[in-house]
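Secondary and tertiary structure notes
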Amino acid sequence: IGQTAMRLLQAAELPVQLGAGRSTGEMSASMGVARFPRDGDDFDTLLQHADQAMYRAKTMGRGRYAVFQPSLVDDERVAAGGDGELLSALDNHQIQLYYQPVINISTGRAVGAEALMRWQHSQQGVLTPARFIVRAEESGQLQALGRTTLELACAQVAEWRQMGFRTGPVSVNVSTSQFRHADWASDLKNALERHHINGADLAVELSEGALMDDAENTRERVQAMRKLGVKLVIDDFGTGPISLARLGELQPAMIKLDPSFLLKLADDPAAQAMVAGVVGLANSLAIDIVAEGVETEAQRDALARLGCVLQQGYLFAHPEPAMPEPAWPSSQWGSHSLPTTLGATEGDADFALMPLDPSPKVVR
């Protein structure tokens, strides 16, 4: 079995000529092996076990194979939940959303929030997507997780709207495979209609990679979002393959600067120049820009000086579960004084809820 697997992997890695030119492409594969009858005596069981072995091969570094062992099932559940456990979590409403606000630091007010998935695991406590999202994708349950996230976000927005809270749009992270699914646009439309909320109350966050592949279908899905009034947000901007031409074509409402730009921002001229360049690009295209991962006052102030006044991070609030009212009361950040370079007054330091300003002013 091992020799056969290695021959297949080596064959997959051979360079492939692209078109009529001299360019070549390379690929690799990961392989899982399940054996009959010791690993299962029917097709479905064998396929499930081979899939679990393939997942293990990927976690070991990809480009290799793994043979199914019964211990894989237990190990997987400890690390990320087995297939049945994930399905049970969906059925038992253990998948919840936490919310983290986006702050306009020139006014001290929340202008929106990001919905972040969490699994309330019965033994392991609160799990972030990093612990289970890959397993969900490998087992074919990612679409169900995505629909659950969308439903929960719309339901929460509807509840807040009925209580009179205006939080600005709530953004939902959407995976590449979910965005590519044939039912994506109809799922989005149905969720909005089911909970009686406007498209402007919702935003969809997509990675650069998700928006670069399959240009025609991507264009159709983005147009469908726009018809519903749902805003497009490009997440982790600056680290992916998106081109300037593609950015202009997609015309997102917002881009979120990747947190890696903030690591040396306070004292690194090169990092400052890169952020200033992205801010200038966003301004020229009339795109709002948010800095994610703001954890220190030095980062906040440096971003403000560079013209990035929309910020999100632990400095302002950790993600919190939904409550009868939004999880960012006006007193939560009252101790954080705003940079004097922004002309902030004592009253500006009281964070409060407000409707999203469709064209927030850039402080220079």
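Residues numbered from 1 in each chain as written. Predicted model: local features only at pLDDT ≥ 70, side-chain atom pairs only at ≥ 80, totals over all residues. Heavy atoms only, no water.

Summing up its helical and strand segments, the chain has 13 helices and 15 strands in all. Buried residues in the chain amount to 44% of all 364 residues. Taking contacts inside the chain between residues at least 6 apart in sequence as the whole, the part at least 24 apart equals 64%. Summing over all exposed atoms, the chain offers an accessible surface of approximately 17,900 Å²; the carbon and sulfur share of this is 53%. (Helix = DSSP H or I, 4+ residues; strand = E, 2+ residues; numbered from the N terminus. Buried < 20%, exposed > 50% of the residue type's maximum accessible area, 1.4 Å probe, protein only. Contact = heavy atoms within 4.5 Å. Areas by Shrake-Rupley, 256 points an atom, 1.4 Å probe, with all protein chains shown as cover.)

A word on the packing of aromatic side chains. Counted according to the given criterion, the structure contains 3 aromatic pairs. Between the aromatic rings of Trp119 and Phe132, the centroid separation amounts to 5.4 Å while the plane-to-plane angle is 90°, which identifies the pairing as edge-to-face. Of the two residues, Trp119 sits in strand β6 (residues 109-121) while Phe132 sits in the loop between β7 (125-127) and α5 (133-138), which places them 13 residues apart along the sequence. A relative accessible area of 0% means that Trp119 is categorised as buried. Cation over ring: Arg118 sits above Tyr98, and NZ or CZ is 5.7 Å from the ring centre. (Phe/Tyr/Trp six-rings, centres within 6.5 Å; stacked < 30°, edge-to-face > 60°. Lys NZ or Arg CZ within 6 Å of the ring centre and 35° of its normal.)

Moving on, we come to empty space enclosed by the protein. Under the criterion given, the structure shown has 1 cavity of 30 Å³ or more. When its volume is computed, the largest cavity comes out at roughly 40 Å³. Among the elements that make up the lining of the largest cavity, the one with the highest residue count is helix α6 (residues 142-162) (3 residues). Each residue belonging to the lining of the largest cavity can be placed in one class, and the counts come to 2 nonpolar, 3 polar and 2 charged. (1 Å grid on protein atoms, 1.4 Å probe; cavity = no way out; pocket = protein on both sides within 12 Å on 5 of 7 lines; lining within 4 Å. Points joined across faces, edges and corners; volume = space filled by probe spheres on them. Nonpolar A, V, L, I, M, F, W, Y, C, P; charged D, E, K, R; others polar.)

Another aspect to go through is the nonpolar core. Counting residues in hydrophobic clusters, the biggest one holds 67 residues, and the most contacted among them are Phe179, Leu202, Leu206, Leu211, Met225, Ile255 and Leu303. Considering every element that reaches this core, the biggest residue donor is α6, with 8 residues. Residues in contact with Leu202, not counting those within four places in the same chain, are Leu150, Ala153, Cys154, Pro169, Val170, Val172, Leu188, Leu192, Val230 and Lys231. (Core = buried A, V, L, I, M, F, W, Y, C linked by side-chain atoms within 4.5 Å.)

Bringing the pairing of strand β9 (residues 202-207) into the picture now. Among the 6 residues of β9, 5 are classified as buried, and the element is accordingly described as predominantly covered. Of the pairings in the sheet, the one linking strand β8 (residues 170-173) to β9 comprises 4 bridges and is parallel in character. From the neighbouring strand, Val170 faces β9, where its bridge partner is Leu202. Alignment of β9 against strand β10 (residues 231-237), held across 5 bridges, turns out to be parallel. Counterpart to Ala203 in the pairing with β10 is Lys231. (Pairing = 2+ DSSP bridges.)

Another aspect to go through is the pairing of strand β5 (residues 95-104). Across the 10 residues of β5, 9 count as buried, placing the element largely inside the fold. Of the strand pairs in this sheet, β5 and β6 are connected by 10 bridges, and their pairing is antiparallel. Looking at the pairing, Ile103 lines up with Ala110 of β6. Hairpin connection from β5 to β6: 4 residues lie between these consecutive antiparallel strands, with Gly108 at a positive phi of about 75°. As judged from the 2 bridges shared by β5 and strand β13 (residues 310-312), these two strands associate in the antiparallel manner. Within β13, the residue paired with Asn104 across the bridge is Leu310.

This brings us to helix α10 (residues 215-228). Across its 14 residues, α10 extends 20 Å between first and last C-alpha, which sits within 8% of the 20 Å expected from 1.5 Å per residue. All buried positions along α10 are accounted for by Thr218, Arg221, Val222 and Met225. Angularly, the buried residues of α10 cover 100° about the axis, an arc narrow enough to put them on a single face. Those residues of α10 that are exposed and aimed more than 90 degrees away from the buried face are Glu216 and Lys227. Close packing links the buried residues of α10 with α7 (176-180), α8 (184-195), β9, α9 (208-212), β10 and α11 (244-250). Positioned one or two residues after α10, Gly229 has a phi angle of 85°, which is positive. (Expected span 1.5 Å × (residues − 1). Arc of directions from axis to C-beta.)

This part takes up the layout of surface pockets. Here the largest pocket defines a volume of roughly 550 Å³. Within the residue set of the lining of the largest pocket, elements represented by two or more residues are β6, α5, α6, β8, α7, β9 and β10. For the lining of the largest pocket, the leading source of residues is β6, giving 5 residues. Considering only residue class, the lining of the largest pocket consists of 12 nonpolar, 9 polar and 6 charged.

Time to look at the environment of Ala5. Relative to the helices and strands, Ala5 is located in helix α1 (residues 2-12). With 26 residues separating them along the chain, Ala5 and Met31 place their C-alpha atoms 7.5 Å apart.

Taken as a whole, this structure holds 10 salt bridges when the rule is applied. Here Asp187 and Arg147 are joined by a salt bridge, their closest N and O atoms 4.0 Å apart. Of this pair, Asp187 sits in helix α8 while Arg147 sits in helix α6, placing them 40 residues apart in sequence. By relative accessible area, Arg147 is classed as partly exposed at 36%. We note a salt bridge from Glu249 to Arg219, for which the minimum N-O separation is 2.9 Å. Taken as a pair, Glu249 in helix α11 and Arg219 in helix α10 lie far apart in primary sequence, 30 residues in all. (Salt bridge = Lys/Arg side-chain N within 4 Å of Asp/Glu carboxyl O.)

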